[in-house]
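Notes for the structure review
Each chain, letter by letter, is given below.
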Amino acid sequence: MRTTPMRTLGSITAALLLATVAAACSSGSSGGSGSGSGSIVIKAVLPPNTGPISSTDNAGLKKLTTEYEAAHKNVTVDWLPNNSSSITASNATVETQASGGAAPDMVWEQYGPVTSGALPAGLLQNIKPYLEKPNPYVTGNTSWLSLFSASTIPYMTSPNGDIDIILGSNVETGMFYSKAAFAKAGITSTPATWAQFMTDLGKLKSAGVTPFIFADGGLCNPSWFERLATSSLLANEVSQFDVNHAQVTTGLDIAVGIKKGIISMSNPRYAEVWKLLGQLVKYSASGESGYDACSAPTATTPPLSTQSLLAQGKVGILWGGSWYIPQLSSAGYSTAKFGVFPEPAITTTSTPYGTGTSTVGVIGGPNGNGQWGITSQHADSTMTLAKTKVVMNFLAWLFTPQHLGNWIEINQQGGDIPTEPSAPTLKLPGLKTLVPASKVTTVVDVILDDVLGTAPTNDGLRLVQAYVDGQLSYSAFASQWQSLLTSAAQSWATQNHVDLSKY
């Protein structure tokens, strides 16, 4: 998640913003098509990397759209291709369009920019008044929000209480293991705690199995570890630097935490994050920098995907994403041969600083298919109150549990998990165990996820690689990591015109 300073659209005045909020709150209903004397065209941006609406990737959305248009003769949905390389690039395009009042009605979004204040204020509408009423296509629901899992709603909610984004599916991470390797090592159940996990790695090693691979050829495994361990070990200290009160910490939060000395190698709780990594990598295979947990299975040059190592019996456990399940299966590695379990909690059995905080869902979250924001009339001159009702009615149609589950399954073929628990999902082993059953603890991102900028992230990855590969001792790593924390926080504050002395 990248963070940029909060900005406002130059054409937006305070009076107009107040009028928009009042209109949204007074409308309050997502029922009805908003039909009037004329036809309505909804311009909606497709999920990224899926091709046009006619492509196989979007077959599920196309089917539901056709059915909706047939039932609402005055409504046409114009699906626009999404060729953006990243959410940052996509939002830059939307901001340019919005400056002329020409943004699409439904824009592809991610919760990071939306809930952190990285988007211009007033670009998206607060859709909470609609979500607090029943979904008109679902019988007996008390509110549309009641259909979502308890862990999803905080990701949709901004610190001020508004909901400016709707989220369709989760992409989660977990530990994928070879059942044959576990049987060889005498492991009869999956570990629930970090201590049990480390014990099982030792059993695998004693049985002659390479236990694990910490794939540091890319940012996935390193950033996942940082997020998991930091969110867990600092769970009792987050309130001291959680300025923005978002589900995932922002650049301001982290800069304040560094300035206060909480996110510091002199804080034993934070230092323990990297000591635990040192314990983990002693069970890891050599050549980690040649692999990346997020590389495509078809990659032929480093960093390579780790999946083949599991399928070929070269490693006992991989740290991967929910998308591994269908990919491994489609590559011929039967689901009968592998299993998956959530990242285990770090308890006091592993370290006196353990909090036992559940880490399920800390790394993943609703980053999958089906993420949209609804633009305001200032960003989209055609977005009247009547049209907003129609757009929300179309979203209500897409987000009935049955519809959501079906089109997510068709579009992503098993890698994503619907955010509505009653939605059908692929019958893949272990998939639902990766989704948190309740609200996720505040997620703490520090260096390795672009929170303080791209340059610190790249520098941080190089330090982690050197530490993991044995080129840096812990003390040398700790010294250089602290310097990186300090310089990154200062640079972020300068770039964003923030006076950290106020905190």
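The paragraphs below set out a description of the structure included in this document. (Residues numbered from 1 in each chain as written. Predicted model: local features only at pLDDT ≥ 70, side-chain atom pairs only at ≥ 80, totals over all residues. Heavy atoms only, no water.)

Digging into the overall build of the protein chain
- A tally of helices and strands in the protein chain yields 17 helices and 10 strands.
- Taking 503 residues into account, the globule formula puts the C-alpha radius of gyration at 23 Å, and the protein chain, at 23 Å, falls close to it.
- For the C-alpha atoms alone, the extent of the protein chain along its principal axes is close to 75 × 55 × 40 Å.
- In the protein chain, which comprises 503 residues, the proportion classed as buried is 57%.
- Long-range contacts, defined as pairs at least 24 residues apart, comprise 75% of the intrachain contacts of the protein chain with a sequence gap of at least 6. (Helix = DSSP H or I, 4+ residues; strand = E, 2+ residues; numbered from the N terminus. Rg over C-alpha atoms; globule rule 2.2 N^0.38 Å. Buried < 20%, exposed > 50% of the residue type's maximum accessible area, 1.4 Å probe, protein only. Contact = heavy atoms within 4.5 Å.)

With respect to the side chain of Ser264
- As for its placement among the helices and strands, Ser264 is situated in the loop between helix H10 (251-259) and helix H11 (268-281).
- Apart from residues lying up to four places away in sequence, Ser264 is in contact with Tyr270, Ala271, Gln482 and Leu485.

Things to note about the packing of aromatic side chains
- Applying the stated criterion across every chain yields a total of 27 aromatic pairs.
- With centroids separated by 6.2 Å and ring planes inclined at 40°, the aromatic side chains of Phe148 and Phe399 adopt a geometry described as tilted. Taken together, the residues span a long stretch of sequence, with Phe148 in the loop between helix H5 (128-131) and helix H6 (153-156) and Phe399 in the loop between helix H14 (385-398) and helix H15 (401-412) at a distance of 251 residues. A single burial state applies to Phe148 and to Phe399, both of which are buried.
- On the basis of an interplanar angle of 55° and a centroid distance of 6.3 Å, the ring pair of Trp194 and Phe225 is categorised as tilted. Of this pair, Trp194 sits in helix H8 (residues 194-206) while Phe225 sits in helix H9 (residues 220-233), and the two are 31 residues apart along the sequence. (Phe/Tyr/Trp six-rings, centres within 6.5 Å; stacked < 30°, edge-to-face > 60°.)

Focus on helix H2 (residues 59-71)
- Between its terminal C-alpha atoms H2 stretches 19 Å, which fits the 18 Å expected from 13 residues at 1.5 Å a residue.
- For H2, the full list of buried residues reads Gly60, Leu61, Leu64, Thr65 and Tyr68. Along the axis of H2, the buried residues cluster in a sector spanning 125°; they form a single face. (Expected span 1.5 Å × (residues − 1). Arc of directions from axis to C-beta.)

A short note on the pairing of strand S8 (residues 338-341)
- Burial of S8 is two-sided: the residues Phe338 and Val340 facing one way and the residues Gly339 and Phe341 facing the other way are all buried.
- Bridge count for strand S6 (residues 173-178) against S8 is four bridges, and the pairing is antiparallel. Across the sheet, residue Ser178 finds its bridge partner in S8, namely Phe338. (Pairing = 2+ DSSP bridges.)

What to know about the packing of H8 against H11
- It is the contact of H8 with H11, at a shortest axis distance of 10 Å, that shows an interaxial angle of 25°. Relative to H11, the element H8 is oriented roughly parallel. From H8, Trp194, Phe197, Met198 and Leu201 reach across to H11, where they touch Leu276, Gln279 and Leu280.
- Tallied by class, the residues present in the contact of H8 with H11 amount to six nonpolar, one polar and no charged. (Axes fitted to C-alpha atoms, helices over the stretch in contact; angles between N-to-C directions. Parallel < 35°, antiparallel > 145°, perpendicular 65-115°, else oblique. Nonpolar A, V, L, I, M, F, W, Y, C, P; charged D, E, K, R; others polar.)

Focus on the sheet that holds S6
- Strand order in this open sheet of three strands is S7-S6-S8, and the pairing throughout is antiparallel. One side of each edge strand has no neighbouring strand; the edge strands of this open sheet are strand S7 (317-321) and S8. Direction aside, neighbouring strands of the sheet carry axes that sit 35° apart on average.
- Strand contacts of H9: S6 and S7, with the helix running at about 85° to S7, the strand carrying the most contacts.

Some details on the pattern of salt bridges
- In total, this model carries six salt bridges according to the counting rule given.
- Here Glu67 makes a salt bridge to Lys63, at a shortest N to O gap of 2.7 Å. In this pair, Glu67 and Lys63 both sit in helix H2, four residues apart, roughly one turn of the helix.
- Lys387 is the salt-bridge partner of Asp105, the closest N and O atoms lying 3.0 Å from each other. Of this pair, Asp105 sits in the loop between helix H3 (87-99) and strand S3 (106-108) while Lys387 sits in helix H14; the two residues are 282 residues apart in sequence, bridging distant segments of the chain.
- Looking at Lys387, the relative accessible area reads 9%, which means it is buried.
- Taken together, the shared-partner salt bridges in this structure form one network comprising Arg227, Asp445 and Asp449. (Salt bridge = Lys/Arg side-chain N within 4 Å of Asp/Glu carboxyl O.)

Points about unusual backbone geometry
- The residue after Pro302, namely Pro303, is reached through a cis peptide bond having omega 0°.
- Along the chain, the position of Pro303 falls in the loop between H11 and helix H12 (307-311).
- Residue Asn49 is not a glycine yet carries a positive backbone phi of 60°.
- In this fold, Asn49 is placed in the loop between strand S1 (40-45) and H2.

Comments concerning the state of the cysteines
- Summed over all chains, the structure comprises one disulfide.
- Across the disulfide, Cys220 is cross-linked to Cys294 (sulfur-sulfur distance 1.9 Å). Taking the torsion about the sulfur-sulfur bond, which here is approximately -100°, the covalent link between Cys220 and Cys294 counts as left-handed. Separated by 74 residues along the polypeptide, Cys220 in helix H9 and Cys294 in the loop between H11 and H12 bring together distant segments of the chain.
- Under the relative-accessibility criterion, Cys294 is labelled partly exposed at 34%. (Disulfide = S-S within 2.5 Å.)

Re the side chain of Glu172
- Inspection of the secondary structure puts Glu172 in the loop between strand S5 (169-170) and S6.
- Once you skip the residues sitting within four places of it in the chain, Glu172 turns out to touch Gly320, Gly321, Ser322, Trp323, Gly361, Gly364, Gly365, Ile417, Leu434, Val435 and Pro436.

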